[in-house]
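Descriptive structure summary
Below, each chain spelled out in residue letters.
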Amino acid sequence: RDKLVTGVQTCALPILAIFFRGMTPEETAALTDAMMRSGDLVSFEGWPRPTADKHSTGGIGDKLSLMIAPLAAAAGLAVPMISGRGLGITGGTLDKLESIPGYDTRLSVEAFKRVIAEVGCSVIGQTDRLAPADKKLYALRDVTGTVPSIPLITASIMSKKLAEGAETLVFDVKCGRAAFMRSRGDARALAESLSRVGRALGRKTAALLTDMDQPLGRTAGNAVEVAEAVETLKGAGPADTRELTLALTAEMTVLGGVHPDLDAAQRELARLLDGGQALEVFRRMVAAQGGDPRFIDDPSRLPQPGAAVAVPAPQSGFVSFVDAEAIGRVVLQLGGGRTATTDMIDPAAGVDRLVQAGEPVTKGQPLMRLLAQDASRAEALVARAAAAVAVAAEPPPARDLLLERIA
């Protein structure tokens, strides 16, 4: 036991030094490279398509990966995407995909590459052999209180992303109340660090700072977000999810050499979205990973809640603000999130039909619906959910989704 304690303390000392003293860009790149090489490396050398991936720092209603992967593949990229699970109020792409009956996120590297070759994209979870040093270091960071360190965050994210083999990496760095980086300055610093390390290790990179003061789209949860992603892939869906889907995918296709510039990319990607090509790639990916694609045409095949409780507007006016952090906490209490990695998630729990800033509402009109296993659980959260939506006499200024581009 004494040897174990001494070993943990010895390993923790460098982590504490990094937390308090920081790292130079060269040191951050060296740490990332070492963590990347601690396990298997996926190679796409010689593939006919350029490879690209996108990473988000997470938020409320952030189902963008579900649209971006198939859209980028429909445009001509190969998209190897390794995603994570939700913890706390932040949702996880894997949890959303696993609400699709049969969808397997635990593919081997060989099966992962096979799906990408056949379909154009695949979304899976981190395997035990991809950047295993990251899991060990994260456990140390957790117990030593050193999680919020930009060099360590950068090395953690980039070691996994670089191990998956994509040539191009685009980062969606969220900023705001429900983001890991609340201030714009911190978000910019992380975006620059991620991009800098990626370039130092031979990748093409870009980053967008995007707003996470308010939720994305009209849903937050797991199955409900999958259903909304499908609507977006059908050329409909909320305007904000469509805007960011096109913007981030355009960055990927331009850096990947598919399109000459961002304007041309957005025009062509909008055509692929509206024409159903991206939806077809998504359908094929779901089937290739064991999922039942019939839910795409029949959403009732997704997990359904036992109860749906409307949250009435307390007054008439215009929605001036929707608090993403508060909505995230409501989803968590409904059963749609986890506070520990061992917690079970209710895939049907969450929020849907959520109003957005700028919309007029009348007193008593539903601001959203709360979805849960039973009505009593949802009813207990009605007041808290209503408090997350501010209603004013005048409409607010237009929301800026794209805050900054880090090239």
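Quick summary incoming for the structure in this document. (Residues numbered from 1 in each chain as written. Predicted model: local features only at pLDDT ≥ 70, side-chain atom pairs only at ≥ 80, totals over all residues. Heavy atoms only, no water.)

Re the environment of alanine 189
Residue position: alanine 189 is located in helix H8 (residues 184-200). Expressed as a C-alpha distance, the spacing of alanine 189 and proline 151, which sit 38 residues apart in the sequence, is 10.0 Å. (Helix = DSSP H or I, 4+ residues; strand = E, 2+ residues; numbered from the N terminus.)

Brief notes about the side chain of glutamine 356
Checked against the element boundaries, glutamine 356 lands in the loop between strand S9 (350-352) and strand S10 (360-361). For glutamine 356, a relative accessible area of 18% translates into the label buried. Polar contacts involving the side chain of glutamine 356 include one to the main-chain carbonyl oxygen of glycine 217, which spans 3.3 Å. Sequence-distant contacts of glutamine 356, that is, excluding residues within four places in its chain, are made with Gly217, Arg218, Pro238, Asp240, Val319 and Val322. (Buried < 20%, exposed > 50% of the residue type's maximum accessible area, 1.4 Å probe, protein only. Polar contact = N/O pair within 3.5 Å; in protein donor to acceptor, adjacent residues only side chain to side chain. Contact = heavy atoms within 4.5 Å.)

Overview of the packing of helix H7 (residues 150-163) against H8
Close contact between H7 and H8 brings their axes to 10 Å; oriented N to C, the two are set at 50 degrees. Relative to H8, the element H7 lies oblique. Two packed elements cross with a definite hand, and for H7 against H8 that hand is right-handed. Every residue of H8 that contacts H7 at Ile150, Ile153, Thr154, Ile157 and Met158 is listed here: Asp186, Ala189, Leu190, Ser193, Leu194, Val197 and Gly198. (Axes fitted to C-alpha atoms, helices over the stretch in contact; angles between N-to-C directions. Parallel < 35°, antiparallel > 145°, perpendicular 65-115°, else oblique. Left-handed = near helix turned anticlockwise from the far one by under 90°.)

Some thoughts on the sheet that holds strand S11 (residues 366-372)
Pairing is antiparallel in the open sheet, where 4 strands are placed in the order S6-S9-S11-S7. Two strands close off the open sheet at either side, each with one partner strand: strand S6 (220-221) and strand S7 (307-312). Here S7 runs beside S11; their pairing, made up of 6 bridges, is antiparallel. Bridging from a neighbouring strand, alanine 307 pairs with alanine 372 of S11. (Pairing = 2+ DSSP bridges.)

Points about the packing of aromatic side chains
All chains considered together, the criterion is met by 3 aromatic pairs. Taking the centre distance of 5.2 Å and the plane angle of 85 degrees together, the rings of phenylalanine 19 and phenylalanine 20 count as edge-to-face. Judged by its relative accessible area of 65%, phenylalanine 20 falls in the exposed class. Geometry around phenylalanine 44 places lysine 113 over its ring, the cationic atom sitting 5.6 Å from the centre. (Phe/Tyr/Trp six-rings, centres within 6.5 Å; stacked < 30°, edge-to-face > 60°. Lys NZ or Arg CZ within 6 Å of the ring centre and 35° of its normal.)

A look at helix H5 (residues 109-119)
Among the residues making up H5, those that are buried are Val109, Ala111, Phe112, Val115, Ile116 and Val119. Relative to the axis of H5, the buried residues are bounded by an arc of 165 degrees and lie together on one face. Within H5, the exposed residues directed more than 90 degrees away from the buried face are Glu110 and Ala117. Its buried side turned inward, H5 meets helix H3 (64-75), strand S2 (79-83), strand S3 (121-125) and helix H12 (277-288). Immediately beyond the C-terminal end of H5, within one or two residues, lies glycine 120, with a positive phi of roughly 115 degrees. (Arc of directions from axis to C-beta.)

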